[in-house]
Amino acid sequence: MEKTAALNASFTSYSLSFNKILTPKNSMAAVSFLASFSPRIHSLSSPFPSPAIKPKRPTNTFQVRSVAAPTEDVAGFDDMVSGTQRKYYMLGGKGGVGKTSCAASLAVKFANNGHHTLVVSTDPAHSLSDSFAQDLTGGMLVPVEGPDFPLFALEINPEKAREEFRDAAKNNGGTGVKDFMDGMGLGMLAEQLGELKLGELLDTPPPGLDEAIAISKVMQFLDSPQYSMFTRIVFDTAPTGHTLRLLSLPDFLDASIGKILKLREKIASATSAIKSVFGQEETRQNAADKLEQLRERMVKVRDLFRDTDSTEFVIVTIPTVMAVSESSRLRASLNKENVPVRRLIVNQILPPSALDCKFCAVKRKDQMRALDMIRNDPELSSLKLIQSPLVDMEIRGVPALKFMGDIVWK
Ligand SMILES: Nc1ncnc2c1ncn2[C@@H]1O[C@H](COP(=O)(O)OP(=O)(O)OP(=O)(O)O)[C@@H](O)[C@H]1O
């Protein structure tokens, strides 16, 4: 009972439906139990107005008042929504913790608050389509039906994006060039070119490279007039490990591509005869331009990730020791990369219940331990802690995402 009270007391204000945790038999007891902590407990109708998302059984929905205080004074949703200058939100964390649900719910909330919003996924599994329960695939802008204001989704297939650059890289160093340059006594330059192995790298990319290229492709889109209307861009980013690599990749790519381009210039100016060997000069120029653009965009992505005025990286986690440990490492590495992080969403917290079964009691204890761990963690304790309850149904479709958004983004 004491533990339940403690958990209840730390919940931020939310409404939830939990027809599995609270059976009709115990729900009245729970109402009076929760009422002792909050004067704002009501029984509400289903939070999902759409017939498509109807709960299976009648639900009991409650509001519990927040008593949690963030360690650092971080403004809430009002601040996130204010202003018309473009802002980027990147949701990151371990696989399966609820990044897509949180990103999609934030996008719906921005749109419902009057922002032209774009939600982007570079996840090959296309979970945005699953989350919105709409087909958003195709690699182009797709309108999302449901929100009050325009909301568009963009699902980039990272593998496809990579293919483009693989061809460009291949065009910048072929065996014909090497043979000719050997003959000209310039073999050393050719070898240096070969050592960069960009083509090979793009054939068997390390995890994170696809996402890096996909995000740079998004940046390319965002620069075009067609996208100028978007004032809020929400990224459902790659899982933790990939994201970290992605953050360090721009430097690496910058160096690699930059070197290739410099070498190419050197070779071209070494002798004009080489130019004729390169043949198809126009194709090669296009390839070089493409690489140059990729390099420039990578630098943009890197800078964007570090821009405190326009960008915020939100860490999403669940209350388990493993997930919290990983989030702590993620925060540390983001810090190292100077990526601004202010909020930590702890998702899937067991809602308060008067009568826990044995399983729930043990689970709750476990979650409490993880929450304590967050409060004492040097990396995480300064973040604004947002607690999001485990609900008793999958969060799919705009009404469900709106419901989640109203709980999480305040
Ligand atoms: N608070 C919650 N209560 C109940 N179900 C949830 C909650 N948050 C997320 N889910 C469900 O958990 C599943 C995974 O969520 P989601 O796809 O958002 O996670 P993810 O971190 O983006 O996963 P991945 O890394 O695989 O892309 C989905 O079925 C979603 O509906």
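Everything numeric here is computed off the predicted structure, so don't read it as measured data. (Residues numbered from 1 in each chain as written. Predicted model: local features only at pLDDT ≥ 70, side-chain atom pairs only at ≥ 80, totals over all residues. Heavy atoms only, no water.)

1. With respect to the overall build of the protein
To keep things clear, this is the line we draw: Secondary structure elements follow DSSP: runs of H or I no shorter than four residues count as helices, runs of E no shorter than two count as strands, and numbering proceeds from the N terminus. Note on contacts: a residue pair is in contact if any heavy atoms of the two residues lie within 4.5 Å.
Helix and strand content of the protein: 16 helices and 10 strands. In the protein, the share of contacts with a sequence separation of at least 24, taken over all contacts with a separation of at least 6, comes to 80%.

2. Notes on the packing of aromatic side chains
The description of an aromatic ring pair rests on the distance of the ring centres and on the angle between the ring planes. Keep this limit in mind: Note on aromatic pairs: the rings of Phe, Tyr and Trp (six-membered ring only in Trp) are paired at centre separations within 6.5 Å, and the planes decide the class, stacked below 30 degrees, edge-to-face beyond 60, tilted for the rest. Whether a charge lies above a ring is judged from NZ of Lys or CZ of Arg, which has to be within 6 Å of the ring centre and within 35 degrees of the ring normal.
Evaluated as defined, the whole model comprises 5 aromatic pairs. Ring-pair connections join several aromatic residues into one group, and the members of that group are Phe152, Phe221, Tyr227 and Phe230. Taking the ring centre of Phe77 as reference, the NZ or CZ of Lys109 above it sits at 4.9 Å. One cation-aromatic arrangement involves Arg232 over Phe110; the distance from NZ or CZ to the ring centre is 5.5 Å.

3. Digging into the pairing of strand β3 (residues 87-93)
If a strand is regular, its side chains alternate between the two faces of the sheet. Put simply, the rule reads: Exposure classes here rest on a 1.4 Å probe applied to the protein chains alone. A residue is buried below 20% of its type maximum, exposed above 50%, and partly exposed in between. Strands qualify as paired when DSSP identifies two bridges or more between them.
The element β3 is extensively covered by neighbouring structure, given that 7 of its 7 residues are classed as buried. In terms of strand pairing, β3 meets strand β8 (residues 311-317) through 5 bridges, oriented parallel. The residue of β8 that forms the bridge with Leu91 is Val314.

4. So, the site of the ligand
The cut-off we apply is this: Throughout, near means a residue has at least one heavy atom within 4 Å of the molecule or strand. Polar contacts here mean pairs of N or O atoms no more than 3.5 Å apart (in protein, one a potential hydrogen donor and the other a potential acceptor; neighbouring residues in sequence count only if both atoms are side-chain atoms). Surface accessibility follows the Shrake-Rupley procedure with a 1.4 Å probe radius. Residue values consider only the protein chains on display as shielding. Only Asp, Glu, Lys and Arg are considered charged in this grouping, and only Ala, Val, Leu, Ile, Met, Phe, Trp, Tyr, Cys and Pro are considered nonpolar; every other residue, Gly among them, is considered polar.
Residues in close proximity to the ligand total 18 residues, the closest being Lys99, Thr100, Ser101, Asn347 and Glu394. Take Pro389: an N or O atom from its main chain is 2.9 Å from a nitrogen atom of the ligand. Contact with the protein chains covers 78% of the free accessible surface of the ligand, which is 630 Å². Broken down by secondary-structure element, the contributors of at least two residues to the shell around the ligand are α4 (99-112) and β9 (341-349). Here the element with the most residues in the shell around the ligand is α4; it accounts for 3 residues. For the shell around the ligand, a count of residues per class yields 6 nonpolar, 8 polar and 4 charged.

5. What about the pairing of β8?
This is how it is decided: Looking down the strands as they point away from the viewer, one classifies a crossover as right-handed if the path from the first strand across the helix to the second runs clockwise.
Buried residues dominate β8, accounting for 7 of its 7 residues. In this structure, β8 lies alongside β9, joined through 4 bridges in parallel fashion. By the bridge assignment, Val316 is partnered in β9 with Ile345. Of the crossover connections in this fold, the one passing from β8 over helix α14 (residues 321-336) to the parallel β9 is right-handed.

6. Let's talk about the pattern of salt bridges
Rules: Think of a salt bridge as a Lys or Arg side-chain nitrogen and an Asp or Glu carboxyl oxygen that are within 4 Å of each other.
Evaluation of the coordinates by the stated rule reveals 8 salt bridges. With a closest N to O distance of 2.7 Å, Arg343 and Glu312 form a salt bridge. Taken together, the residues Arg343 in strand β9 and Glu312 in strand β8 connect sequence positions 31 residues apart. Exposure remark for Arg343: the relative accessible area of 2% places this residue in the buried category. The exposure class assigned to Glu312 is buried, which follows from its relative accessible area of 1%. Put simply, Arg369 and Asp366 hold a salt bridge, and the shortest N to O gap is 3.4 Å. Taken together, the residues span about one helical turn, with Arg369 and Asp366 both in helix α15 (residues 358-376) at a distance of 3 residues. Look at Arg369 and you get partly exposed, because its relative accessible area is 47%. A cluster of three or more residues bridged by salt bridges with shared partners is formed by Lys109, Lys402 and Asp406.

7. Some remarks on unusual backbone geometry
Residues other than glycine seldom take positive phi values, yet Ala133 does so here, at roughly 55°. Within the secondary structure, Ala133 sits in the loop between α5 (127-132) and β5 (142-143). The phi dihedral of Gln348 falls on the positive side, at around 65°, and the residue is not glycine. Tracing the chain through its elements places Gln348 in strand β9.

8. Describing the environment of Asn113
Relative to the helices and strands, Asn113 is located in the loop between α4 and β4 (117-121). Accessibility expressed as a relative area gives 41% for Asn113, which makes it partly exposed. Each C-alpha atom, one on Asn113 and one on Asp148, is 8.0 Å from the other, the two residues being 35 residues apart in sequence. With near-sequence residues (within four places) excluded, Asn113 lies in contact with Phe77 and Val81.

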